[in-house]
Amino acid sequence: MNLERIKEKLEILADAAKYDVSCSSSGGNRKNNGGLGNSHASGICHSYTEDGRCVSLLKILLTNHCIYDCAYCVSRKTNDIKRAAFTVEEVVDLTMNFYRRNYIEGLFLSSGIFKDSDTTMERLVRVAKKLRLEHNFNGYIHLKSIPGASDEIMKEAGLYADRLSINIEIPTEKGLKLLAPEKSHSEMIKPMGFVKNELALYKEEKKIFRKVPKFAPAGQSTQMIVGATDETDLKIIKVADHFYQNFNLKRVYYSGYVPMLTDARLPSIDSQVPMLRENRLYQADWLMRFYGFKAHEILEKENPFLDLEVDPKLAWALRHREQFPINVNTASKGMLMRIPGIGGKSVNKIINARRFQKLTLENLKKMGVALNRAKYFVEFDNPNIFNKYIEEQNFKKIIMNSMKSKFQNPFSEQLSLF
Ligand code: SF4
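As the structure is a prediction and not an experimental result, all values here were calculated from the model.

(A) Region of the structure containing the pairing of strand S5 (residues 220-226). S5 sits mainly inside the fold: 7 of its 7 residues count as buried. Two elements, strand S4 (residues 163-165) and S5, share 2 bridges in a ladder whose sense is parallel. Counted as the bridge partner of Leu 164 is Gln 220 from S5. Here 6 bridges tie S5 to strand S6 (residues 251-256), and the two strands are oriented parallel to one another. Counterpart to Ile 225 in the pairing with S6 is Ser 255. Read as a crossover between parallel neighbours, the route from S5 over helix H7 (residues 233-247) to S6 is right-handed.

(B) Highlighting empty space enclosed by the protein. Going through the model one piece at a time under the given rule, you end up with 1 cavity of 30 Å³ or more. Taken together, 33 residues make up the lining of the largest cavity; nearest its centre are Asp 20, Tyr 72, Cys 73, Asn 167 and Glu 169. Looking at the lining of the largest cavity, the elements that each hand over two or more residues are helix H1 (3-17), S5 and S6. Looking at the lining of the largest cavity residue by residue, the class counts come to 18 nonpolar, 9 polar and 6 charged.

(C) Geometry of the pairing of strand S2 (residues 106-110). The buried fraction of S2 amounts to 5 of the 5 residues, a majority that puts the element mostly inside the structure. Sheet topology places strand S1 (residues 58-61) next to S2; 4 bridges connect them, and they run parallel. When the bridges of S2 are listed, Leu 58 appears paired with Leu 107. Crossover S1 to S2 through helix H2 (residues 88-100) is right-handed. The sheet contact formed by S2 and strand S3 (residues 140-144) spans 4 bridges and is parallel.

(D) Expanded view of the site of the ligand. In the region of the ligand, the neighbouring residues are Cys 66, Tyr 68, Cys 70, Cys 73, Arg 76, Gly 112, Ile 113, Glu 169 and Lys 183. Its residues assigned to classes, the shell around the ligand comprises 5 nonpolar, 1 polar and 3 charged.

(E) Representation of helix H4 (residues 151-160) in the model. Regarding H4, the residues found buried are Ile 153, Met 154, Ala 157, Gly 158 and Tyr 160. Next to the buried residues of H4 lie helix H3 (117-135), S3, S4 and helix H6 (185-208).

The rules behind these values
Residue numbering note: each chain is counted from 1, following its sequence as written. Totals for whole chains, interfaces and linings use every residue, but because this is a predicted model, local features are given only for residues with pLDDT of at least 70 and side-chain atom pairs only at 80 or more, for both listing and counting. Hydrogens and waters are ignored; side-chain quantities use all the structure's heavy atoms. Throughout, exposure labels follow a simple rule: accessible area from a 1.4 Å probe, protein chains only, divided by the maximum for the residue type, with under 20% read as buried, over 50% as exposed, and the rest as partly exposed. Under the scheme used here, helices are H or I runs from DSSP no shorter than 4 residues and strands are E runs no shorter than 2 residues, and both carry numbers assigned from the N terminus. Strand pairing is defined by DSSP finding a minimum of two bridges between the two strands. Handedness of a crossover: with both strands directed away from the viewer, a clockwise path from the first strand across the helix to the second marks it as right-handed. Cavities and pockets were defined on a 1 Å grid built over protein atoms only: a cavity is a set of grid points that admits a 1.4 Å probe from which the probe cannot escape, a pocket is an open set flanked by protein on both sides within 12 Å along at least five of seven lines, and lining residues are those with an atom within 4 Å of any such point. Grid points are joined across faces, edges and corners, and a volume is the space filled by probe spheres set on the points. Ten residues, namely Ala, Val, Leu, Ile, Met, Phe, Trp, Tyr, Cys and Pro, are considered nonpolar, four, namely Asp, Glu, Lys and Arg, are considered charged, and the remaining ones, Gly among them, are considered polar. Nearness here has a simple test: a residue counts as near a molecule or strand if at least one of its heavy atoms is within 4 Å of that partner. Should any heavy atoms of two residues lie within 4.5 Å, those residues are considered in contact.

Below is the structure:
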């Protein structure tokens, strides 16, 4: 192996892969059956760079050669950059070497499309297959699905990868046609639909047969680029909700567009999507997945962008003052989940504890509730005098003053905002 050449390829292909944020490795439970690594017990966890991107996996492209010309992508065919391509064996060797040195906990492998969808996908699958079958590698493998890849290849991909993902990239077909006219959402959705059906089939077979081969045990995910086109946050979370509902996705990732290329169709090179917008989208996503909110409740047509000053749950509560204060001792679980400052774990604690006693503000404090927000929205068995009083004041300002304005990593500690 020519080490200098490999090093050069690694620099080019790791750099090209850094714009894909959908590399979270949670959810794998592949066990060590006598080989190397274990995606569960080795504690594969999220590790993030300063700007919130995951670095715990060897994250590379197989190649940055591409037959497509997507305006937002550094690898697009008309961009004059250094090109490189790994062989299947090179990626396998790198993964094994890095894993043995404890540099990585798994592999995230994507690729430009160098000939056609099936040829590219087939090579990605060969990497995973070699790692599993020839090296008995039990670490985490996340493969990108190539738009338009055939069902047969996707089936193989699911047998060797822990997670599969396909990037929707631009939230709407109209935006996609503007920036990537050679692509279509239907092409992207096809492998996603196949994986969804296979996952359902696997689940059913598991009920009947004792031994069923694993199929993408960490599920599938997607990523949307935010801010390359003019979709509102409402549109973006509605699209995300559609994919959660219809394709049983584990995660939707939101990646703020990073301007690097000059193109009349793109935002100007000096405009940057605020990190806080990404963060707010992750919070809205969290509300839809775990707090029972619908996209149309989080944002409305008349006000389609997330408030950058306060998190979406607090913003909803501020718009719906008529629903508050909520009596902690009698409210339903669904309503408790809507109180700013009270997270899912605290709701469970409240429901358990109130079976034995009438709760007070002091009890909530002991449960770890963020009282700096919650106190404005709850009452106990006496009317909340304080709450009634501040109705006449600038409510949002008071709450904001009582909160620490601390930036949160979008992937870690999201719950702490609620
Ligand atoms: S197909 Fe993928 S790699 Fe190729 S230009 Fe489009 S986004 Fe970039």
